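# Secondary and tertiary structure notes
Chain by chain, the residues run as shown.
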Amino acid sequence: MADKNVVASTITVEQFLSSVPPELPLTVLFGVRGVADQKLNSHRIQKFGLALSGFPNYIHHGRIQNIGQSEIAYLLQLTESERRAAFQKIDPTRVSCLLLTKSLDPPAELVAFANSNSIPILQTPLLSSRAISMITLHLERLLAPETVIHGVLLEMHGIGVLINGPSGIGKSECALDLVTRGHRLVADDAVLVKRIGGCLEGSAPELTFEHLELHGLGIISVRDLFGVSAVCKSINIELCIELKKWSEIANIERVGLEMMQHEIFGIDVPKFMLPVSSGRNLATIVDTAVRIFLLRNAGYDAASKLIERHSAMVAAKD
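One structure accompanies this document, and this report is about it. (Residues numbered from 1 in each chain as written. Predicted model: local features only at pLDDT ≥ 70, side-chain atom pairs only at ≥ 80, totals over all residues. Heavy atoms only, no water.)

Let us now look at the overall build of the protein chain. A tally of regular secondary structure across the protein chain gives 10 helices and 16 strands. Here the analysis covers contacts within the protein chain between residues at least 6 apart in sequence; of these, 71% occur between residues at least 24 apart. For the protein chain, the computed accessible surface area is about 16,500 Å², with 53% contributed by carbon and sulfur atoms. (Helix = DSSP H or I, 4+ residues; strand = E, 2+ residues; numbered from the N terminus. Contact = heavy atoms within 4.5 Å. Areas by Shrake-Rupley, 256 points an atom, 1.4 Å probe, with all protein chains shown as cover.)

Attention now goes to the pattern of salt bridges. All chains considered together, the criterion is met by 10 salt bridges. Across the salt bridge formed by Glu 80 and Arg 84, the nearest N and O atoms sit 3.9 Å from each other. With Glu 80 and Arg 84 both in helix H4 (residues 80-88), this residue pair falls four residues apart, about one helical turn. The residue Arg 223 makes a salt bridge to Glu 210 at a minimum N-O spacing of 2.8 Å. Taken together, the residues span a long stretch of sequence, with Arg 223 in helix H8 (residues 222-226) and Glu 210 in the loop between strand E11 (199-203) and strand E12 (211-214) at a distance of 13 residues. Since its relative accessible area comes to 37%, Arg 223 is described here as partly exposed. (Salt bridge = Lys/Arg side-chain N within 4 Å of Asp/Glu carboxyl O. Buried < 20%, exposed > 50% of the residue type's maximum accessible area, 1.4 Å probe, protein only.)

Turning next to the environment of Arg 83. For Arg 83, the position within the fold is in helix H4. In the structure, Arg 83 is positioned 25 residues away from Ala 108 in sequence and 9.3 Å away in space, judged by C-alpha atoms. Looking at Arg 83, its side chain comes within polar contact range of the side chain of Glu 109, at 2.9 Å. (Polar contact = N/O pair within 3.5 Å; in protein donor to acceptor, adjacent residues only side chain to side chain.)

The end-to-end C-alpha distance of helix H6 (residues 128-142) is 21 Å, a good match for the 21 Å that 15 residues give at a rise of 1.5 Å each. Within H6, the full set of buried residues consists of Ser 128, Ala 131, Met 134, Ile 135, His 138 and Leu 139. Each buried residue of H6 lies within a common arc of 140° when the element is viewed along its axis, so the set occupies one face. Residues of H6 that are exposed and point more than 90 degrees away from the buried face comprise Ser 129 and Leu 137. Looking at the buried side of H6, the elements it contacts are strand E1 (11-12), helix H1 (13-19), strand E3 (39-40), strand E4 (45-47), strand E5 (64-67) and strand E6 (97-100). (Expected span 1.5 Å × (residues − 1). Arc of directions from axis to C-beta.)

Time to look at the packing of H4 against helix H5 (residues 108-116). Where H4 contacts H5, the two axes come as close as 9 Å, and the packing angle between them is 30°. Between H4 and H5, the angle falls in the class roughly parallel. Crossing hand, H4 versus H5: right-handed. Taking contact as the criterion, the partners of Glu 80, Arg 83, Arg 84 and Phe 87 in H4 are, on H5, Glu 109, Leu 110 and Phe 113. (Axes fitted to C-alpha atoms, helices over the stretch in contact; angles between N-to-C directions. Parallel < 35°, antiparallel > 145°, perpendicular 65-115°, else oblique. Left-handed = near helix turned anticlockwise from the far one by under 90°.)

Here we take up the nonpolar core. Burial of nonpolar side chains together is a common tendency in soluble globular proteins. Grouped together as the largest cluster of nonpolar side chains are 30 residues, with contacts concentrated most on Leu 154, Ile 163, Leu 178, Ile 241, Leu 243 and Val 286. By residue number, the principal contributor to this core is helix H9 (residues 282-297), which donates six residues. Contact partners of Ile 241, with chain neighbours within four places excluded, come to Val 161, Leu 162, Ile 163, Asn 164, Phe 272, Leu 274, Val 286, Ala 289 and Val 290. Judged by nonpolar contacts, the second largest core, of 20 residues, contains Ile 45, Leu 99, Met 134 and Leu 143. (Core = buried A, V, L, I, M, F, W, Y, C linked by side-chain atoms within 4.5 Å.)

With that out of the way, let us pick up the packing of helix H7 (residues 171-180) against H9. The N-to-C vectors of H7 and H9 enclose an angle of 70°; their axes lie 9 Å apart at closest approach. The pairing of H7 with H9 is recorded here as roughly perpendicular in orientation. Judged by residue contacts, Cys 174, Asp 177 and Leu 178 of H7 engage Leu 282, Ala 283, Val 286 and Asp 287 from H9. Taken together, the residues of the contact of H7 with H9 sort by class into five nonpolar, no polar and two charged. (Nonpolar A, V, L, I, M, F, W, Y, C, P; charged D, E, K, R; others polar.)

Set out below in structure tokens:
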């Protein structure tokens, strides 16, 4: 599918700091004025040593610049005038944020450079390798490209199942039936999808989380009606089920040998296309489709087994 509403994320240093987990302790030492203004747009961390040693053009704006033990040791072997000259060669507009690891103290020239240009200096007691790893993973999630797609997302049997189809076809009603059977609602109508590495994480926009819209009843709170266990904050999308009117499907799958694919963010998600008509119990069929998908992933395919049995019977008669 074409993702016309994809948003390339950019966050401020302030937003980054407000969301870091407790196991990643960070303190703003200097450059406090730049916390709300400086932007980050990459999860990659860059070592600042190359810039300090005379190659400032390699600084990538939007990245956190790491200053570890080796960078501090290099600066301390220089004279004060040499340190000032090193920072004068650096274009401050290229530097978004500086990170001191191992609770290192910055030289006075670094402090002056940061304060005069409103560049935040962060400090952590963690080793550089540990800090870089944790920050990279955290920023990868925060900066993941995202889009909003129309559909219903549920957690079923441990996987995320996206149900899509035209408005009024019965997606929300099907979701309600599945919730009463013990499955969990993630999002209704608007599904927020983030691509994190090779995975698609689905969630609900903050406004509509835990709510479901039903024709004739309006908006209901799934949490209030069915309890906290009936909702799920987010889940990776692993299966798509498309609901379509029977008359709009040219070739209806009869055997089920091949899975269809639904593209989101360049990732192909396995898909079943289910025809909708009066009298069909959609919730039961959707639940069965998910169980079939899980069995196939476990190595069992009923359609293939049937074809093998048929071929064996034909061969025995020849």
